[in-house]
Every structure is written in structure tokens, then in C-alpha cells.
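Structural overview for review
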2 protein chains.
Amino acid sequence: MPATPNSAETLDAPGRAVVLLSGGLDSATVLAIARRDGFACHALSIDYGQRHRFELECAARVARALGAIDHKTVAVDLRAFGGSALTADIDVPTHERVDEIGSTIPITYVPARNLVFLALAVAYAETLGASDVFIGVNAVDYSGYPDCRPAFVSAFENVANLATKAGVEGRRLHVNTPIIEMSKAEIIRTGASLGVDYALTTSCYNPPAPMLACGHCDSCLLRRQGFEQAGVPDPTRYAG
Amino acid sequence: MPATPNSAETLDAPGRAVVLLSGGLDSATVLAIARRDGFACHALSIDYGQRHRFELECAARVARALGAIDHKTVAVDLRAFGGSALTADIDVPTHERVDEIGSTIPITYVPARNLVFLALAVAYAETLGASDVFIGVNAVDYSGYPDCRPAFVSAFENVANLATKAGVEGRRLHVNTPIIEMSKAEIIRTGASLGVDYALTTSCYNPPAPMLACGHCDSCLLRRQGFEQAGVPDPTRYAG
């Protein structure tokens, strides 16, 4: 069921939402869903020291294309902690086929990333008086990431309401994960039906050049298969 | 009861802890407690755009003085969100007496600050393989801050274990708040008995100069009264 703005509960800013936006396919779809459901959207990107800076430019373009009110980028240097192939000096693994991707926690897992991102989104929502936060976590393709599971999200919503003035004052903050149970094909079909231009997005863990995908990292394999299964033309430029 | 290193549960790094350190009196005491209880302590300060940069220098000095293994400062610009007299361009309120301080949420409340700080501490703990996080939240003097309440802390510990590889793998992460129920006088007595040099710490919201306290902000009033009630000489230099 789509989320709807909880204007009855939120007197100061009905239907205002913070939407976490990475520059990737999933979060672009989430922004399109939040817009469809009537939310005034404040896009928020986190500059956490990701390898590929153009991801943040993608996020800015997606925010504009999908009608976000504004787009803010907040820097937090998770590289200082190390520990992931997405931020540190560790090789990103590649595979030939999707079924070679394991279900254990992958090396691309950034420790507690979604916990940090959601905490920042809640801080921003609190300042805006926004009633809702949206995040593009997905429990299907990223089953190995602990902070993509529904149990994590619902526990986080609980703690967010204990942490904030809004929660104390009885205005409930909602954490929305509209694509959490969708396959990549369903995400792409949904976004395509809402006019998302996936050519603006990037997913590759190991791009040979900006807006050029390697075609072999786990993220590329899942993206390619998703477009095929969705029956949607794939606008991605793959190197191989 | 003091926390003890849970070495039985944590095979990779027994008794390793991340201790959030602000440069203030409370978190210095917490570091001393964590050291007393046998933890190898990694001090973590968050540069969130606080008004007074020398707070971070205080934190570095306190970390050294109390024998932390290392001290890391991670920047996250909460000023980007605005909304608090501690970060934004809003006047800090002052009072003449402690009993004038209200119990409503004060203007110095930084939205969801402890949620963000704890999320970062958990990310760091995850990378280190640390079993414990320490934070100097206090529910007595800061009753107006939603994210200083025991209910918040216990809900956060729950979400931290759902968010992390350690939690998934059954190595429980503990969030320790050893001073949460202490009065300021008890905190000071405890720290003094553990050799904390409070001259290295700063609490003032509105310091006329580095390491000079205004004497009139809520934080100064509580600090002064705490030393008086503890019967411990107050090494703070007050302007008035």
C-alpha cells in the first residue's frame, strides 16, 4: 500500500518528507513514489566518502528531474572508520552471473550506513517539521546487509520517535521503505511508470568512467537483469 | 552497577569500546569510568559545527590524559540543518539561578544529536570489532532533551544490534550510559575519585574566550552548583 501524507497528525507541515537520495536507481524510484503520493520532498544526499563523486551529481540531477523542493548534501566521512570496499582501498568483487552473488554480508557493506543515513534524515526532518522520511532500502537484492531488513527499519522508526521533539510531542515520524519488498524488476517497472529517467542514475560499484558502468560488479549484474526482467529498455552504458 | 567488558561474548576484541567524547565534564567522566572498568577505549568526537572549536581540543586533551588508545574526530555538518542555539545563529539563553531553568525542550537542543552521534559510534565500533559504546547522556540535568532518556537509549541499543554485522552474528553490542541517572554532583565526585582533571574540560554554552566560562548559561549554572554540592574545588575559570 502506498504511504500517504499524514496531514491529520502533522499540523505544522502536512505531507513534508525527507527523501534519502544516492544517485542510484532505487532511491530515484523512491523519490518518484513519494512525489506520486503527494509529499513535498526535500532530497538529502550523504557525502560519506564514496569512491565515485559523480554519484552525488546524479543525485542532484534526479532531485531536479523528479521535482524535489530542494536537495541538500551533508558530508560525513565514514572513510575515517574504514572497513568497506565502497569507501576504503579494498577491491570491489566482480561476478559473471547473478547467481554467483552470495547471501553472506558482502565486502561492499558500509558499517551501519543506513543507521547513520537515517539518523541524519531524522535530524533534518526534525528541523523541517517533516512527518516522513523515505529510504530506498531493499531486502530482496541486498539480503546480506543487516540494515536493509524490515526488522531494522521498524526498530529504527521506534527509536526515531523516542529521539525527537516531534515524537515527544505526539507527532509521529514515519520511516517509509516503499521498495523494501520489491524485486529489481518491480522497482524498475514502478519507476518507469512514474517517469523516472534511469539514464540519470548510476549503480556501478566500479565504473571505468563517470556514467559508464563496468557491467560485471554485483550491482551491474542486478541492474541489467532487472531491466531485462521488467521488459524496460536499459539506458545504462555498460563497458562490457 | 559498573559495566564490565563482555569478553566472553566478544572473541575478536575483548573489552574494546568506543567512547563519545565532547570535551565536556560529563563525557570525560564517562571515559574515566570506561577505563576503570577495564575497557580499551577509542575516543570519538563529532565535529558537528559546534560554535566553539576549542571543545574539540579539550576532547583531545582529555583523551590523552585519561589513557584512551586513540582519539578520532569525525565531521558531520549538522549546521546544514539549522535549528539549535548550539550550532546556528540563535542566541543562547542565560539564567541567574539553576531553578529558573525550565523542563521543556531547550533551544540548545540539537535535533536528534545523540541519535546521530550514537549511529556514528556504532559504525566505528562495527569497524573496530568493539563490543561496547559509551555515551555521557544524563536524564537528570537534561530532562528536556528527548534523546537523553533511558527509553531512547535502550531502543537505540536494540536498533544497533539489528543494524550491524555483529548483531546479526550474535555478538551483542552494548550501549553504556554510566552517568544517566547521576546528579551533576555525583558525576563530579565519581570523576574526581578517578582522577579526572576537570580543568581540561569545558561546558559553557557561551564562553567569552577559550577556556573561560560565562558563568550564567544553563550549563555553567549546573556545573557550578555541581562542584559546590560535590564538595570538590571547581577549577573552572568563570567570567562572572
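Residues numbered from 1 in each chain as written. Chains lettered and ligands numbered in written order. Predicted model: local features only at pLDDT ≥ 70, side-chain atom pairs only at ≥ 80, totals over all residues. Heavy atoms only, no water.

**A few points about the interface of chain B and chain A**
Contacts between the two partners involve 39 residues from chain B and, on the opposite side, 39 residues from chain A. Our count for the contact surface shared by chain B and chain A stands at zero salt bridges. There are four residue pairs in polar contact (both at pLDDT 80 or more) connecting chain B and chain A. Counting residues per element, the ones that place at least two in the side of chain B that touches chain A are β3 (70-75), α3 (113-128), α4 (150-163) and α5 (165-168) of chain B. (Contact = heavy atoms within 4.5 Å. Salt bridge = Lys/Arg side-chain N within 4 Å of Asp/Glu carboxyl O. Polar contact = N/O pair within 3.5 Å; in protein donor to acceptor, adjacent residues only side chain to side chain. Helix = DSSP H or I, 4+ residues; strand = E, 2+ residues; numbered from the N terminus.)

**Regarding the sheet that holds strand β3 (residues 70-75) of chain A**
Pairing between the strands of a sheet is mediated by backbone hydrogen bonds and can be parallel or antiparallel. Residue and element names in this part refer to chain A. Here we have five strands laid out as an open sheet, ordered β3-β2-β1-β4-β5, and parallel in their pairing. Sheet topology places β3 and β5 (174-176) at the edges, where each strand pairs with a single neighbour. Each strand axis lies, on average, 25° off the axis of its neighbour in the sheet, ignoring direction. With six bridges joining them, strand β2 (residues 40-47) and β3 adopt parallel strand pairing. If you follow I46 over to β3, its bridge partner there is V74. In the packing of helix α3 (residues 113-128) onto the sheet, the strands contacted are β1 (16-20), β2, β3, β4 (132-134) and β5, and the crossing angle to β1 comes to about 155°. (Pairing = 2+ DSSP bridges. Axes fitted to C-alpha atoms, helices over the stretch in contact; angles between N-to-C directions.)

**Quick word on the relation of the copies chain B and chain A**
Rotating chain B by 180° and moving it 0.0 Å along the rotation axis overlays it on chain A with an RMSD of 0.0 Å. Such values leave the two copies arranged in the relation of a two-fold axis. For chain B, the residue whose C-alpha comes nearest the rotation axis is V76 of chain B, separated from it by 2.3 Å. (Least-squares fit on C-alpha atoms with pLDDT ≥ 70 in both.)

**So, the packing of aromatic side chains**
All names here are of chain A. Applying the stated criterion across every chain, the model contains 10 aromatic pairs over all chains. On the basis of an interplanar angle of 75° and a centroid distance of 5.1 Å, the ring pair of F39 and F134 is categorised as edge-to-face. Here the residue F39 occupies a position in the loop between α1 (25-36) and β2, and F134 occupies one in strand β4, the gap between them amounting to 95 residues. Across the pair, F134 and F39 agree in class, each one buried. With 5.7 Å between their ring centres and 85° between their planes, Y198 and F227 make a pair best called edge-to-face. Separated by 29 residues along the polypeptide, Y198 in the loop between α6 (184-193) and α7 (218-230) and F227 in helix α7 bring together distant segments of the chain. Of the two residues, Y198 and F227, both sit in the buried class. The ring of Y238 has R224 sitting right over it, with the charged end atom 4.0 Å from the ring centre. (Phe/Tyr/Trp six-rings, centres within 6.5 Å; stacked < 30°, edge-to-face > 60°. Buried < 20%, exposed > 50% of the residue type's maximum accessible area, 1.4 Å probe, protein only. Lys NZ or Arg CZ within 6 Å of the ring centre and 35° of its normal.)

**Quick look at unusual backbone geometry**
Phi is positive for M211 of chain A, close to 60°, though the residue is something other than glycine. Positionally, M211 of chain A belongs in the loop between α6 and α7.

**Points about the sheet that holds strand β5 (residues 174-176) of chain B**
Residues and elements named next belong to chain B. With parallel pairing, the five strands of this open sheet are ordered in space as β3-β2-β1-β4-β5. Every other strand in the sheet has two partners, leaving β3 and β5 as the edge strands with one partner each. For this sheet, the mean angle separating the axes of adjacent strands, direction not counted, is 25°. Bridge count for strand β4 (residues 132-134) against β5 is three bridges, and the pairing is parallel. Counterpart to F134 in the pairing with β5 is N176. Against the sheet, α3 engages β1 (16-20), β2 (40-47), β3, β4 and β5, with an angle of about 155° to β1.

**Focus on the confidence of the model for chain A**
In low-pLDDT segments, the atomic positions of the prediction should not be examined closely. Residue and element names in this part refer to chain A. Of all residues in chain A, 81% attain a pLDDT of 70 or more, and the chain-wide mean is 85. With pLDDT under 50 throughout, residues 6-13 is counted as low confidence; its partners more than four residues away or in other chains account for 14 contacts. Interface scoring of the predicted complex returns ipTM 0.85; its pTM is 0.86. (pLDDT = per-residue confidence, 0-100.)

**A word on the pattern of salt bridges**
All names here are of chain B. On inspection of all chains with the given rule, the structure shows 11 salt bridges over all chains. The salt bridge involving R36 is made with D37; its shortest N-O contact spans 2.9 Å. D37 gets classed as buried once you look at its relative accessible area, which sits at 12%.

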